[in-house]
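The primary structure of each chain is shown beneath.
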Amino acid sequence: MKKNPLDDISKTIQIHDKIITESTELDEKSKRAFLNFSAHIERIIRNQDPSWKLNSYQRKSAISEFLNYWNNNISPDTEMFWAEIAANNIKLERKDPLKFALEKNRFLRVELGIGAQKYWTKLKTLKAVTNRFSQAEISKIDGIITEDENKRIGILKKCLAKKNIPKSQYLKFGECMAYFANTGLFPKYMDENEVQELYLIWKNFKS
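Residues numbered from 1 in each chain as written. Predicted model: local features only at pLDDT ≥ 70, side-chain atom pairs only at ≥ 80, totals over all residues. Heavy atoms only, no water.

Novice: Explain the packing of helix H9 (residues 135–162) against helix H12 (residues 192–203) to me, please; I cannot follow it from the model alone.
Specialist: For any two helices packed against each other, one specifies the inter-axial angle together with the distance between the axes. Their axes nearest at 10 Å, the elements H9 and H12 cross at an angle of 80 degrees. As the angle between them shows, H9 and H12 are arranged roughly perpendicular. Only Glu-194, Glu-197, Leu-198 and Ile-201 of H12 make contact with H9, whose side of the interface consists of Leu-156, Cys-159 and Leu-160. (Axes fitted to C-alpha atoms, helices over the stretch in contact; angles between N-to-C directions. Helix = DSSP H or I, 4+ residues; strand = E, 2+ residues; numbered from the N terminus. Parallel < 35°, antiparallel > 145°, perpendicular 65-115°, else oblique. Contact = heavy atoms within 4.5 Å.)

What follows is the structure in structure tokens.
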């Protein structure tokens, strides 16, 4: 019998829902949002939502939107999701941000750098990662993460020393603050007074 593609989509959503529900990385509010979104997507692709009548292209676009999180995130949950997709022989194209980092020697967005910084020590021990990357590539990712950290703390220290954010660096400064706040790395480089001064410099920035 010919495989019904909607069965694969439903299985993908089941995998998504299970990982989201059991996640230790997401808070309850985020979990509810993800689960509501997946339920909405399933109604759409099965044309069970009366406000949506999709052709095959639109249905494919809806699936692509659903996969956006799993294609643009670095975390143990993400590796678990794609491992389950492979184990169930579901044919979905993965856009791997770690491969992008290897090719470009950088992370595409600060959120990906944050994910790599937070989880790479654990991720590089997982079979899903060691089977996908050589030891040389894993070492290279180590270096990319370190370089990302060093560049970002360099920007913050320069702004702290000058007590000013150059206009051309304002967006990058905000990214760096988010990076260190979300990775818990501020104490590695600065005391609490210096961190508070950075926030004050940021608050008083004049465009």
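Novice: So what exactly am I meant to see when it comes to the side chain of Asp-96 here?
Specialist: Within the fold, Asp-96 resides in the loop between helix H5 (76–87) and helix H6 (97–104). Only 2.7 Å separates the side chain of Asp-96 from the side chain of Arg-132, close enough to count as a polar contact. Setting aside anything within four residues of it in sequence, one finds Asp-96 in contact with Arg-132 and Phe-133. (Polar contact = N/O pair within 3.5 Å; in protein donor to acceptor, adjacent residues only side chain to side chain.)

Novice: I would appreciate a short explanation of the packing of aromatic side chains in the present structure.
Specialist: One pair of aromatic rings is described through two measures. These are the centre distance and the angle between the planes. Tallying each qualifying case throughout the model produces 10 aromatic pairs. Where Tyr-170 meets Phe-205, the ring centres are 4.3 Å apart and the plane angle is 20 degrees; that geometry is what we call stacked. With Tyr-170 in helix H10 (residues 170–183) and Phe-205 in the segment after H12, this residue pair connects regions lying 35 residues apart in the sequence. Overall, the relative accessible area of 30% leaves Tyr-170 in the partly exposed class. Aromatic side chains Phe-180 and Tyr-189 sit 5.9 Å apart centroid to centroid with 90 degrees between the ring planes, which places their arrangement in the edge-to-face category. Looking at Tyr-189, the relative accessible area reads 22%, which means it is partly exposed. Each member of the aromatic cluster is reached from another via a ring pair, and the members are Phe-34, Tyr-69, Trp-70, Phe-81 and Trp-82. (Phe/Tyr/Trp six-rings, centres within 6.5 Å; stacked < 30°, edge-to-face > 60°. Buried < 20%, exposed > 50% of the residue type's maximum accessible area, 1.4 Å probe, protein only.)

Novice: Would you mind going over the pattern of salt bridges with me for this structure?
Specialist: Should their charged atoms come close, side chains of opposite charge can pair. Applying the stated criterion across every chain, the model contains 13 salt bridges. The salt bridge partner of Arg-94 is Glu-79, with a shortest N-O separation of 3.0 Å. Of this pair, Arg-94 sits in the loop between H5 and H6 while Glu-79 sits in helix H5, and the two are 15 residues apart along the sequence. Note on Arg-94: relative accessible area 23%, which makes it partly exposed. One salt bridge in this structure joins Glu-175 and Lys-172, with 3.6 Å as the shortest N-O distance. Within this pair, Glu-175 and its partner Lys-172 are both found in helix H10, separated by 3 residues, close to a single helical turn. Exposure remark for Glu-175: the relative accessible area of 29% places this residue in the partly exposed category. Among the charged side chains, a network of salt bridges with common partners joins Glu-79, Arg-94, Asp-96 and Arg-132. (Salt bridge = Lys/Arg side-chain N within 4 Å of Asp/Glu carboxyl O.)

Novice: I tried to follow unusual backbone geometry on my own but got confused; where do I start?
Specialist: Glycine aside, negative phi is the norm for most residues, and most peptide bonds take the trans geometry. With phi around 55 degrees, Asn-89 is a residue other than glycine that occupies positive phi space. We classify Asn-89 as partly exposed; its relative accessible area is 45%. Of note in the backbone geometry, Asn-105 takes a positive phi value of approximately 60 degrees without being a glycine. Structurally, the position occupied by Asn-105 is in the loop between H6 and helix H7 (110–123). Here Asn-105 falls in the partly exposed class, since its relative accessible area comes to 43%.

Novice: Which parts of the structure should I look at to understand the packing of H10 against H12?
Specialist: Remark: H10 packs on H12, axes separated minimally by 12 Å, with the N-to-C direction vectors making an angle of 145 degrees. Crossing angle aside, the handedness with which H10 passes H12 is left-handed. For the pair H10 and H12, the contacting residues are Tyr-170, Phe-173, Gly-174, Met-177 and Ala-181 in the first and Leu-198, Tyr-199 and Trp-202 in the second. Of the residues assigned to the contact of H10 with H12, the class counts are 7 nonpolar, 1 polar and no charged. (Left-handed = near helix turned anticlockwise from the far one by under 90°. Nonpolar A, V, L, I, M, F, W, Y, C, P; charged D, E, K, R; others polar.)

Novice: Just checking my understanding: could you explain the state of the cysteines for this structure?
Specialist: Scanning the model with the defined rule gives 0 disulfides in all. Of all cysteine sulfurs in the structure, the one in Cys-176 sits closest to Cys-159, which takes part in no disulfide; the separation is 8.1 Å. (Disulfide = S-S within 2.5 Å.)

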